[in-house]
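Close look at the chain arrangement
Residue strings, one per chain:
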Amino acid sequence: PLLSTTTVTIDDNRERECYKPCVDGDLRLVGGNTEYEGRVEVCVSQEWSTVCRDGWDITDATVVCNQLRLSNNTGYLVRYAYDYGIGRGPIFLNDVDCSGDEERLIDCEHNEISVRDCDHFQDAGVYCSPTNGDLRLVGGDTEYEGRVEVCVSREWGTVCDDGWDITDARVVCNQLRLSNNTGYLVRHAYDYGIGRGPIFLDDVDCSGDEERLIDCEHNEISVHNCNHYHDAGVYCSPRDKSCVDGDLRLVGGDTEYEGRVEVCVSQEWGTVCDDGWDITDARVVCNQLRLSNNSKN
């Protein structure tokens, strides 16, 4: 079988990209501001490729969103590649025509694989509608931190930090499955940037047993005395400690397979200098993170 390769770009920030084989029919969204949106890419023969938007419609988008479990049977069409950046590499699917009952996009009717009349300026994308009570963290350096935003009526809004405490933060972290029942409070909007749009929740008062933040006691939706300088945020510890010596993480990449390398020492994250940094070092990083199949780099 084909194995993807690992590429390395050595620069002042020492960013590098790891690839691993994918499973035929897998999907991912690339280039979006949140996990709910992006350019659609599908795995064929262990290689990621884009999808041509010829005939791309709301039914096709719905199948994508449902396959990725990112919506409650709703998906919103994005037609233009420039919304999420044009892709690169092969274009495997064209003239996709889903009935809406398919579990996977690749099971929909489409032209023979790689038979198309598109270029990457016609890559397909989607925005998947989140459901009431969904949460996201925005503005953080990692997936474990950020300004808390909650979905109400298919719209994202912030949470006022009046009364915001460690118990509320813990509910957020547990709902997002980003911690082992631990959460660290961030009180100030300037840590992650002030939000915009509606402020949905104020005076949140969680007991700690709730599965979702929206199930905690709070004022009526949109009833608040805040502005966005009082947006609430959290830092979620991925373990009982902030990190374990020798742990690695990739920060700042467009996907989980790339980014600036950071290493944990004494429960604190730090970067790695690129003096002498080469493909062998990058391979060790990718293998430690289980992001490659030890393929030739």
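Residues numbered from 1 in each chain as written. Predicted model: local features only at pLDDT ≥ 70, side-chain atom pairs only at ≥ 80, totals over all residues. Heavy atoms only, no water.

Looking at an unreviewed UniProt entry, one finds the chain named Neurotrypsin and attributed to Geodia barretti.

1. What to know about the packing of aromatic side chains
Note the cut-off: Between the rings of Phe, Tyr and Trp (Trp by its six-membered ring), a pair exists once the centres lie within 6.5 Å; its type follows the angle of the planes, with under 30 degrees stacked, over 60 edge-to-face, and the other angles tilted. The numbering of helices and of strands both runs from the N terminus, where a helix is a DSSP run of H or I of at least 4 residues and a strand a run of E of at least 2.
Inspection of the entire model under this criterion finds one aromatic pair. Considering the side-chain rings of Tyr36 and Trp156, the 5.7 Å spacing of their centres and the 50° angle between planes classify their relative orientation as tilted. Here Trp156 lies in strand β11 (residues 155-159) and Tyr36 lies in the loop between β3 (27-31) and β4 (37-44), a separation of 120 residues in the sequence.

2. Points about a negative patch on the surface
Convention followed: Only residues whose relative accessible area exceeds 30% and that take part in no salt bridge are eligible for patches, with like-charged residues grouped when within 9 Å of each other and nonpolar side chains (Val, Leu, Ile, Met, Phe, Trp, Tyr) grouped when within 5 Å. Shrake-Rupley sampling with a 1.4 Å probe provides the accessible areas, and residues are treated as covered by the protein chains on show and by no other component. Here a salt bridge means any side-chain nitrogen of Lys or Arg lying within 4 Å of a carboxyl oxygen belonging to Asp or Glu. Residues scored as positive are Lys and Arg, those scored as negative are Asp and Glu, and His as well as the terminal groups of each chain are ignored. The atom standing in for a charge is NZ when the residue is Lys, CZ when it is Arg, CG when it is Asp and CD when it is Glu.
Residues Asp95, Asp97, Glu109 and Asp117 make up a contiguous surface patch of negative charge. Among the structural elements, Asp95 can be located in the loop between β7 (91-93) and β8 (125-127).

3. Looking at the confidence of the model for the chain
Our working rule: As a per-residue measure, pLDDT reflects the predictor's confidence and takes values from 0 up to 100. In this analysis, two residues are considered to be in contact whenever any of their non-hydrogen atoms come within 4.5 Å of each other.
Averaged over every residue, the pLDDT of the chain is 82; the share at 70 or more is 81%. Across the chain, element-level confidence peaks in strand β13 (residues 199-201) with a mean pLDDT of 96 and bottoms out in strand β1 (residues 7-8) with 39. Low pLDDT, under 50, characterises residues 1-16; the predicted model gives this stretch 54 contacts beyond four residues in sequence or across chains.

4. Concerning the pattern of salt bridges
Heads up, the condition is: Exposed residues in this analysis have more than 50% of their type's maximum accessible area, buried residues have under 20%, and partly exposed residues fall in between, with area computed by a 1.4 Å probe over protein chains only.
Across all of its chains, the model carries eight salt bridges by this definition. In this structure, Glu41 engages Arg39 in a salt bridge whose closest nitrogen and oxygen atoms are separated by 3.0 Å. Notably, a salt bridge pairs Arg260 with Glu262, separated by 2.9 Å at the nearest N-O pair. Look at Arg260 and you get partly exposed, because its relative accessible area is 23%.

5. Concerning helix α1 (residues 58-67)
Selection rule: Polar contacts, as counted here, are pairs of nitrogen or oxygen atoms within 3.5 Å of one another; within protein the pair requires one atom able to donate a hydrogen and one able to accept it, and residues that are adjacent in sequence qualify only if both atoms are side-chain atoms.
When you tally the buried positions in α1, you get seven out of 10 residues, the bulk of the element. The N-capping residue of α1, defined by a side-chain oxygen 3.1 Å from the backbone nitrogen of Thr59, is Asp57.

6. Examining the nonpolar core
Stated formally: Residues grouped as a nonpolar core are buried Ala, Val, Leu, Ile, Met, Phe, Trp, Tyr and Cys residues, joined through side-chain atoms within 4.5 Å.
Judged by nonpolar contacts, the single largest core of 22 residues is most densely connected at Val40, Val51, Trp56, Val64, Val96, Leu105 and Val126. Elements that contribute at least two residues to this core include exactly β3, β4 and α1. Looking at which element gives the most residues to this core, the answer is α1, with four residues. The residues contacting Val40, other than those within four sequence positions of it, are Leu27, Arg28, Leu29, Ser49, Thr50, Val51, Trp56, Val64, Leu105, Ala124, Gly125 and Val126. In terms of nonpolar packing, the next biggest core, distinct from the first, is built from 21 residues, Val152, Ala169, Val172 and Val234 among them.

7. A few points about the side chain of Arg28
Locating Arg28 in the fold gives a position in strand β3. Within the structure, Arg28 has its side chain in polar contact with the side chain of Glu41 (distance 2.9 Å).

8. Section: the state of the cysteines
Our working definition: Disulfides are defined as pairs of cysteine sulfur atoms found within 2.5 Å of each other.
For the structure on display, the rule yields seven disulfides. At a sulfur-sulfur separation of 2.0 Å, the disulfide partner of Cys22 is Cys43. Looking along the S-S bond of the Cys22-Cys43 disulfide, the torsion reads about 85°, which is the right-handed sense. Residue Cys22 is located in the loop between β2 (15-17) and β3, and its partner Cys43 is located in strand β4; the two are separated by 21 residues in the primary sequence.

9. What to know about the pairing of β3
Filter applied, for reference: For two strands to be treated as a pair, DSSP must find no fewer than two bridges joining them.
The element β3 is extensively covered by neighbouring structure, given that four of its five residues are classed as buried. Two strands pair when backbone bridges link them, and β3 and β4 are joined in this way by five bridges, in the antiparallel orientation. Following the sheet pairing, Gly31 is matched in β4 by Gly38. Here β3 folds back onto β4, and the loop between the two strands holds five residues.

10. Looking at the environment of Val152
With respect to the helices and strands, the residue Val152 is situated in strand β10 (residues 145-152). Judged by its relative accessible area of 11%, Val152 is buried. Between the C-alpha atoms of Val152 and Gly133, which are 19 residues apart in sequence, the distance is 6.4 Å. When residues no more than four places from it in sequence are discounted, the contact partners of Val152 are Asn132, Phe200, Ile214 and Ile221.

11. Looking at the side chain of Arg136
Along the chain, the position of Arg136 falls in strand β9 (residues 135-139). Its relative accessible area of 18% is what places Arg136 among the buried residues. Not counting the four nearest positions on each side in its chain, Arg136 is found in contact with Thr34, Arg147, Val148, Glu149 and Trp156.

12. Some words on helix α2 (residues 166-175)
When you tally the buried positions in α2, you get seven out of 10 residues, the bulk of the element. Looking at α2, one finds that the buried residues are Thr167, Asp168, Ala169, Val171, Val172, Cys173 and Gln175. Put simply, Asp165 is the residue that caps the front of α2, since its side-chain oxygen is 3.1 Å from the backbone nitrogen of Thr167. Of the residues trailing α2, Arg177 is marked for its positive phi of about 55°.

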